[in-house]
Amino acid sequence: MKMQINGKAVDACSGEFFDIINPATGEFIDRIPRGSEDDATAAVEAASSAFGEWACRSPQQRAGVLYRAAELVRQRKDALAFLLTQEQGKPFLEAKNEIEGFANVLEYYCGLAGSLRGDFVPIPHNGYGATVKSPMGVCAAIIPWNMPALIMAWKISPALISGNTLVLKPASNTPLTNLTLSSILSEAGLPAGVLNVVTGPGEIVGESLVESPKVKKISFTGEARTGKRVAELAVRGMKRVTLELGGSDPMLVCDDADLESAVTGALKGRFYNCGQTCTAVKRLYVFESIAEEFIKKLEAGVRKLRVGNGGHENIDMGPLNNLRQLEYVKGLVAEIEEKEEGRIITGGKVSANSAYSKGYFFEPTLVVDVPRESRLLKEEVFGPVLPIVRVKDLDEAIGEANNSSYGLGASIWTKNIDRILLGCEQLNAGIIWVNQHLKVAPEVPFGGTKSGIGRENGPESLSEYLDLKTIMLKT
């Protein structure tokens, strides 16, 4: 598979490639061009040339293209999901849900096309004031490997429906689904150059896009350290930027919670996509009075999870996406055992199943009696390890939950409306779930209060891709 620049499938200018490996089997899938600064520049030039014609189309005309693309994606969702499972590792059902989510997001923004308008305000004794919204120009998006299809939709949809053109830099581990989705958009009628996809190292391709004087807006999702670098480069060029830099989401289980629902929520919230989700449950705080019962039920649920190749049937959790993630998780668990920072009650090791010896598998793991200074509670752990902390009441739970450099999401599980209101008021998070966790709908804003800038999704996201001009008219 090749990069897509100006409507054409092209190799890298250098002629170099890199391999895509199946994380469940270690097998070779495909070779992808290793892009460079020259390729990024060519993509930006193509997007710049295509901007004028695309911006002149009506929002409804632009929506028509995206709507046709969503139809094509749904028609081919099984093949797309299989490809996503191959390169990312997630179970096939999760991959199908993500592909369906891609189509849903495109259609949602098609529905917002008619809302792209300014305002008209009478000014006493001076006539009228008017506001006009116009597309910015060339935008760039840099996305991670954990949810490549869905996050691609989050970034390209508001940009394209607003009349901008865009250059997408996929993660080097998972570019195949992004390239295929881009080709479907072209098939649906997206003009050449409106969406370009450049594959290659982030420190080369990504930095070139951020530093390009023709790129007006950057949207980045990924590690906090890389996001800070993106922000530093963007501010030099006075560019608009949206950053989503991960999370360490707490889950608070009160003594009046529906334990069965909370256990189900914790299982999905932590082990969906092998724990490799920004909004995954990464810290669990449970009231002491129900802790034993809750932990017993949760342990039983974890032991029932079926780990294996996401392409096989009846699999609940696939492998980690890459060797770096596997080594990180193994190191964390080894540190817990060496320093006696908690007690592992299930999991804690690489899967013993010989059928998966070449993949990046790690058993779903529960750790109890975790000290407050543990790395499990301080870092964003992208993997299937869940630390559990006992707390005496809601005040302590909220205090511990807020004791983090992250503030993306949080959930509170209770039947008490006063506790719900207190949690919603005091939890430092951009999104708060009540008696649920993980689901993010395209209709609502998404983003954090600490590790990030701006919001994605919802009608508010359109303003991130539009310039606002004020006109004062004296009559």
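Our subject is the structure listed above.
Because the structure is a prediction, the values reported are computed rather than measured.

What counts, and at which threshold
- Numbering of residues starts from 1 in every chain and runs along the sequence as written.
- Side-chain atom pairs in this predicted model are given and counted only at pLDDT of 80 or more, local residue features only at pLDDT of at least 70, and totals for whole chains, interfaces and linings cover all residues.
- In computing side-chain properties, one takes all heavy atoms of the structure into account and sets aside hydrogens as well as water.
- Helix numbering and strand numbering both begin at the N terminus, where a helix is a DSSP run of H or I of at least 4 residues and a strand a DSSP run of E of at least 2.
- For each residue, the accessible area found with a 1.4 Å probe, counting protein chains only, is set against the maximum for its type, and the residue is called buried under 20%, exposed over 50%, and partly exposed in between.
- In what follows, residue pairs with any heavy atoms lying within 4.5 Å of each other are defined as contacts.
- The charged-residue count follows a simple rule in which Lys and Arg add positive charge and Asp and Glu add negative charge, with His and chain termini not counted at all.
- Where a charge lies is defined by one atom per residue type: Lys uses NZ, Arg uses CZ, Asp uses CG and Glu uses CD.
- With axes taken as lines fitted to C-alpha atoms, and helix axes fitted only over the stretch in contact, angles between N-to-C directions fall between 0 and 180 degrees.
- Note on terminology: angles under 35 degrees are roughly parallel, angles over 145 are roughly antiparallel, angles of 65 to 115 are roughly perpendicular, and the others are oblique.
- Whether a crossing is left-handed or right-handed is set by the direction in which the near helix is turned from the far one by less than a right angle, anticlockwise for left-handed and clockwise for right-handed.
- Polar here means any residue other than Ala, Val, Leu, Ile, Met, Phe, Trp, Tyr, Cys and Pro, which are nonpolar, and Asp, Glu, Lys and Arg, which are charged; Gly is therefore polar.
- Polar contacts, as used here, are pairs of N or O atoms within 3.5 Å; protein pairs need one atom able to donate a hydrogen and one able to accept it. Residues neighboring in sequence count only if both atoms are side-chain atoms.
- Both cavities and pockets are sets of points on a 1 Å grid over the protein atoms alone; in a cavity a 1.4 Å probe fits but cannot get out, in a pocket the set is open with protein on both sides within 12 Å along at least five of seven lines, and lining residues sit with an atom within 4 Å of a point.
- Grid points are joined across faces, edges and corners, and a volume is the space filled by probe spheres set on the points.
- Only when DSSP finds a minimum of two bridges between them are two strands counted as paired.
- What a helix is expected to span follows from its residue count: subtract one and scale by 1.5 Å.
- Axes are fitted to the seven residues ending at a residue and to the seven starting at it; the angle between these axes is taken as the bend at that residue.

1. Some words on the overall build of the protein
Within the protein one finds 14 helices and 20 strands. Seen through its C-alpha atoms, the protein measures out along the principal axes to roughly 70 × 60 × 40 Å. Per-residue burial for the protein yields a buried fraction of 57% across its 475 residues. Taking all contacts inside the protein whose residues are at least 6 apart in sequence as the whole, residues at least 24 apart take part in 73%. Computed over 52 positive and 58 negative side-chain charges, the separation of the two mean positions in the protein equals 4 Å.

2. Side note on the packing of helix H9 (residues 259–271) against helix H10 (residues 288–304)
Contact pair H9 / H10: the axes reach a minimum separation of 10 Å and the direction vectors enclose 50°. By the criterion of interaxial angle, the relationship of H9 to H10 is oblique. In this structure, H9 meets H10 at a crossing whose hand is right-handed. The residues of H10 that touch H9, namely those facing Leu 259, Glu 260, Ala 262, Val 263, Ala 266, Leu 267 and Phe 271, are Ile 290, Glu 293, Phe 294, Lys 297, Leu 298, Gly 301 and Val 302. Residue composition of the contact of H9 with H10, grouped by class: 10 nonpolar, 1 polar and 3 charged.

3. Digging into the side chain of Thr 199
Mapped onto the fold, Thr 199 is located in the loop between strand E9 (195–197) and helix H7 (202–211). At a separation of 2.7 Å, a polar atom in the side chain of Thr 199 contacts the main-chain carbonyl oxygen of Pro 33. Not counting chain neighbours up to four residues away, the residues in contact with Thr 199 comprise Met 3, Phe 18, Ile 32, Pro 33, Arg 34, Gly 35, Pro 170, Pro 175, Leu 179 and Val 205.

4. Some details on empty space enclosed by the protein
With the rule as written, the count across this model stands at 3 cavities of 30 Å³ or more. In this structure, the largest cavity spans a volume of roughly 60 Å³. Along its surface, the largest cavity is lined by 13 residues, and Pro 250, Ala 401, Tyr 406, Gly 409 and Asn 428 are the ones closest to its centre. When residues of the lining of the largest cavity are traced back to their parent elements, those giving at least two are helix H13 (394–402) and strand E17 (409–413). Residue composition of the lining of the largest cavity, by class: 7 nonpolar, 5 polar and 1 charged.

5. Details of the sheet that holds strand E12 (residues 249–253)
The strand order across the open sheet built from 7 strands is E14-E15-E16-E13-E12-E17-E18, with neighbouring strands paired in mixed fashion. Where the open sheet ends on each side, the last strands, each with one partner, are strand E14 (343–346) and strand E18 (431–434). Across this sheet, the average inter-strand angle for adjacent strands is 25°, counted without regard to direction. As paired strands, E17 and E18 are joined by 4 bridges and run parallel to one another. Considered in E18, the bridge of Ala 410 is made with Ile 432. Helix H14 (residues 417–426) contacts strand E13 (281–287), E17 and E18 of the sheet and is inclined by roughly 165° relative to E18.

6. Points about the environment of Ala 24
Tracing the chain through its elements places Ala 24 in the loop between strand E3 (17–21) and strand E4 (28–33). For Ala 24, a relative accessible area of 4% corresponds to the buried category. Sequence spacing of Ala 24 and Asp 395 is 371 residues, and the spatial spacing of their C-alpha atoms is 42 Å. Those residues within four positions of Ala 24 in sequence are excluded, and the remaining contacts are Asn 309, Pro 319, Lys 358, Gly 359 and Phe 361.

7. Quick notes on helix H1 (residues 37–56)
A rise of 1.5 Å per residue sets the reference length of H1, with its 20 residues, at 28 Å; its end C-alpha atoms lie 29 Å apart and thus fit the reference within 8%. Remark: the principal bend of H1, roughly 40°, maps to Ala 50. Listed in full, the buried residues belonging to H1 are Asp 39, Ala 40, Ala 43, Val 44, Ala 46, Ala 47, Ala 50 and Trp 54.

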